[in-house]
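So you can see what is in the structure, the chains are spelled out below.
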Amino acid sequence: MKKDEINIKSALQGLVIDLLFWSYLWGCLYYLAHNWLGLILNYKYLIMLAMFSSGLFYLTGDSIGRKYFFPSHLTSRKWFKTLWGWLIIFSLLITFVVGWDIVEINPYKFFTKFKNAGGITSGIFDPSIIGYELQTESLEKLAEQNLPEEIIEELKKISGRKYTTRKVFSRELEKRLDPAAYDKYKQPILKSAIKNTEMLNKALTTLAETIFLALLATVLAIPLAFILSFFAARNLMPKTFLGNTIYVLIRTVATIFRSIEAIVWAIIFSVWVGIGPFAGMLALMIHSVAALTKLYSEQIENIDSGPVEAVRATGASTLQIWIFAVIPQIISPYLAFTIYRWDINVRMATIVGFVGGGGIGLLLLQQQQLLRWHNVGLIIWLIAAVVWSMDMISAKVRAKLSEM
Amino acid sequence: MNSLLNINDLHKIYDSGTHALRGINLDVKEGEFLILLGLSGSGKSTLLRCINRLIEPTSGEIIFQKRNIVKTSGKALRTIRRQIGMIFQQFNLIKNLSALTNVLTGKLGYVNLVHSLGMTKIKEDVITAEKNLDRVGLLEFKSQKTRNLSGGQQQRVAIARALMQNPRLILADEPVASLDPATADSVMKYLGELNKNDNITVICSLHFLSLARKYGTRVVALKDGQIVFDGSPREIDERKFKDIYGEEAEEVEIR
Ligand SMILES: Nc1ncnc2c1ncn2[C@@H]1O[C@H](COP(=O)(O)OP(=O)(O)OP(=O)(O)O)[C@@H](O)[C@H]1O
Ligand SMILES: [Mg+2]
């Protein structure tokens, strides 16, 4: 086939490419003119402008569309000596400028507003493992130790209030007492305060919820994906109409389901079955089934066909071939993928919690909205610890499996 | 002698358009050790794989024990396949299973699904499998994963697997092509022994004339999908050899 045979179809395709290019270029320019100079223009004119300039451009013989469809129509000049070369450079530049404007990139804020992140930073360096509070009995204890009346009175004001860490509590005392009194009575007050691990308990409970949520989502996804993967493997499906239809159907649905993020599934299911770990589990499960089906079936497609043929030649049935020649070849990569998936699911489970999927993610969201930065700090540490250890374990196990 | 396999006007045209077999007629007698010779691409593998229907012939018939293999399907095809053992150049063992389990898979055509799942625990089957491994001298390797065995050992496990089928016919597609000459000969010895002692008919494709002369009772040569020679191994002289392999070919002696 000669590349530059002139035909209407390629000519039109070239023109369309030019038109799209110029529409984009004028669109970007208009965006900047509108945002920066307040220019207002009817879209009709913009389209006309694009059509006009692309037509003109096309005729010059220096157009992108023509370059693409009739390469030999262009002179063999170096790109930087051509109009289209400079236009592409210009359009890349303008894309960057428009992008900068749209994303509201602001280096000034990045360097000057760091103190806004002070809350979360101090939270991370001082996570609330032990909470402090003063109760009536603490005050009674302090009275016995002959603390001045006015200090007891002052402390009464904060009795019952919960402080997330020792430091936070001390800072409150520092604010309420004069320096001398603070130095003198800090120790007995701290000693008599009631300590609790409420937040830690709660975080650990919801963390367990998250881990089990991820585990269950993975475990429930395995058999489904396992069965589906056999039907989604090209080399196993018979080359009949039915076989092909099943293959295409499963592959397509899996691809669509996988391209919808788990977080979107969580939103759907939190409306469907209500906010909580069940919604989160369903979201992760659906996503896992789709992802594992793809990974598993690709693994099947990559197996050595030799043993499969050999077993077929013994007169084995299709199911026997699967069991004796296919499964032994895929079992260890399957396990590796599955463990990796659980690892991913644990991470995802916290994020899914943010949008109604329950678990520690939900707790993190609540604490963040209450601005309890020390609690947030604790939660972040716990999540990091779990993710880190899952990462280690899964890497170790996968390394072992690959030796098998 | 009785005819075991009768191939009439067999053609194979691949989807790619390659006409790999152009009217093969072949009558294989019981007890023969038939050597298939031919250049690479002459259609040896295609012919062997048509016989047990690993690939579908385009036209023609293959009569095995009074049944036309080309016309059978499903259970009937599997009943025929189980009587035909197959040996491959690449051994085609399931590498992460033990030698014994690999041999046991030779039994699959005879048993139902439930039985096959428990096969490694069924005494009778295990004893037969061990007997077959012993015949190829590998009993002590029975619980080794076959990936840890040498090429020659793997091919012997494959022979034991074929024996497990209790076959009337063994198809061997270049069984020694990936082995060194000494090992190649020892593997061929096992095939020759089965042919003599168990009266198993063997069709074996080879590239070495010396091995063909040593073990074959009959030689069939293919060229461009057609039979260009059919006779006794002794009949192949310099002239015939050049007909089969082309003028430039030199005979390579091994052993
Ligand atoms: N699956 C296939 N699809 C298309 N063409 C094929 C296929 N397999 C083999 N062929 C072609 O059919 C012809 C015969 O191939 P075949 O593998 O039977 O030759 P062979 O004699 O076994 O060669 P070798 O000694 O290299 O194994 C060749 O031209 C090959 O390219
Ligand atoms: Mg071949």
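Since we're looking at a predicted model, the values are computed, not measured.

1. Some details on the sheet that holds strand β3 (residues 194-196) of chain A
The strands making up a sheet associate through hydrogen bonds between their backbones, and the pairing can be parallel or antiparallel. Taken together, the three strands give an open sheet; going across it, the order is β2-β1-β3 (chain A), and neighbouring strands pair in antiparallel fashion. Looking at strand neighbours, the two that pair on one side only are β2 (162-163) and β3 of chain A, the edges of this open sheet.

2. Brief notes about the domain arrangement of chain A
According to the domain assignment, chain A contains domain 1 (2-103), domain 2 (131-196) and domain 3 (199-403). Look at where the C-alpha atoms of domain 1 of chain A and domain 3 of chain A centre, and you get two points 44 Å apart.

3. Focus: the interface of chain B and chain A
The interface of chain B with chain A comprises 28 residues on the first partner and 20 residues on the second. Taken together, both faces of the contact between chain B and chain A bury some 2000 Å²; the carbon and sulfur share is 62%. On the chain B side of the interface with chain A, the three residues burying the most area are Ile94, Leu108 and Leu113 of chain B, jointly 24% of the side's total. Counting across the chain B and chain A interface gives one salt bridge. Between Arg49 of chain B and Glu309 of chain A there is a salt bridge, with the nearest N and O atoms lying 2.5 Å from each other. Across the contact surface, chain B and chain A share six residue pairs in polar contact (both at pLDDT 80 or more).

4. Here's the deal with the site of ligand 1
Residue and element names in this part refer to chain B. If you check the shell around ligand 1, you find 14 residues, and the closest are Ser40, Gly41, Lys44, Ser45 and Thr46. At 3.3 Å, a side-chain N or O of Tyr14 approaches a nitrogen atom of ligand 1. In the complex, the protein chains occlude 61% of the 630 Å² of accessible area that ligand 1 would expose alone. Top contributing element to the shell around ligand 1 by residue count: helix α1 (residues 44-51), with three residues. Residue classes in the shell around ligand 1 are distributed as three nonpolar, nine polar and two charged.

5. Observations regarding helix α1 (residues 8-37) of chain A
Since the α-helix advances by 3.6 residues per turn, residues separated by three or four positions end up pointing in the same direction. Residue and element names in this part refer to chain A. Helix length check: α1, at 30 residues, gives a terminal C-alpha distance of 42 Å against a target of 44 Å (1.5 Å per residue), a fit within 8%. Tucked inside the fold, the buried residues of α1 contact α2 (43-60), α3 (64-69) and α4 (83-102). Trailing α1 by a residue or two, Gly38 shows a phi angle of about 70°, which is positive.

6. Describing the pattern of salt bridges
Applying the stated rule across the entire model yields 22 salt bridges over all chains. The residue Arg347 of chain A makes a salt bridge to Asp391 of chain A at a minimum N-O spacing of 2.6 Å. With Arg347 of chain A in helix α16 (residues 318-357) and Asp391 of chain A in helix α18 (residues 373-403), this pair connects stretches of sequence that are 44 residues apart. Looking at Asp391 of chain A, the relative accessible area reads 34%, which means it is partly exposed. Two residues, Lys214 of chain B and Asp185 of chain B, come together in a salt bridge whose shortest N-O distance is 3.0 Å. A residue pair is termed long-range when its members are at least 10 positions apart, and Lys214 of chain B in helix α8 (residues 209-215) and Asp185 of chain B in helix α7 (residues 181-197) qualify at 29 residues. The class for Asp185 of chain B is buried, based on a relative accessible area of 3%. Connected through salt bridges with shared partners, the residues Glu154, Lys157, Glu172 and Arg176 of chain A form a single ionic network.

7. A closer look at the packing of helix α11 (residues 198-231) of chain A against helix α14 (residues 277-301) of chain A
Residues and elements named next belong to chain A. Packing of α11 against α14 leaves a shortest axis separation of 7 Å and a crossing angle of 40°. Considering the relative orientation of α11 and α14, their crossing is right-handed. Residue composition of the contact of α11 with α14, grouped by class: 20 nonpolar, five polar and one charged.

8. Considerations on the packing of aromatic side chains
Residue and element names in this part refer to chain A. If you walk through the whole model with that rule in mind, you get 15 aromatic pairs over all chains. Ring plane angle 20° and centroid distance 5.7 Å describe the contact between Tyr132 and Phe169, whose orientation is recorded as stacked. Residue Tyr132 is found in strand β1 (residues 131-133), and its partner Phe169 is found in helix α9 (residues 166-176); the two are separated by 37 residues along the sequence. Seen from their ring centres, Trp265 and Phe269 are 6.0 Å apart, and the 25° between their planes marks the pair as stacked. Taken together, the residues span about one helical turn, with Trp265 and Phe269 both in helix α13 (residues 262-272) at a distance of four residues. Judged by relative accessible area, which is 6%, Phe269 ranks as buried. Every member of this aromatic cluster is reached through a ring pair, and the members are Phe226, Phe230, Phe231, Tyr296, Trp322 and Tyr334.

Calculation notes
- Residues numbered from 1 in each chain as written.
- Chains lettered and ligands numbered in written order.
- Predicted model: local features only at pLDDT ≥ 70, side-chain atom pairs only at ≥ 80, totals over all residues.
- Heavy atoms only, no water.
- Pairing = 2+ DSSP bridges.
- Helix = DSSP H or I, 4+ residues; strand = E, 2+ residues; numbered from the N terminus.
- Domains from an automatic or database assignment.
- Contact = heavy atoms within 4.5 Å.
- Buried area = accessible area lost by both parts, 1.4 Å probe.
- Salt bridge = Lys/Arg side-chain N within 4 Å of Asp/Glu carboxyl O.
- Polar contact = N/O pair within 3.5 Å; in protein donor to acceptor, adjacent residues only side chain to side chain.
- Near = heavy atom within 4 Å.
- Areas by Shrake-Rupley, 256 points an atom, 1.4 Å probe, with all protein chains shown as cover.
- Nonpolar A, V, L, I, M, F, W, Y, C, P; charged D, E, K, R; others polar.
- Expected span 1.5 Å × (residues − 1).
- Buried < 20%, exposed > 50% of the residue type's maximum accessible area, 1.4 Å probe, protein only.
- Axes fitted to C-alpha atoms, helices over the stretch in contact; angles between N-to-C directions.
- Left-handed = near helix turned anticlockwise from the far one by under 90°.
- Phe/Tyr/Trp six-rings, centres within 6.5 Å; stacked < 30°, edge-to-face > 60°.

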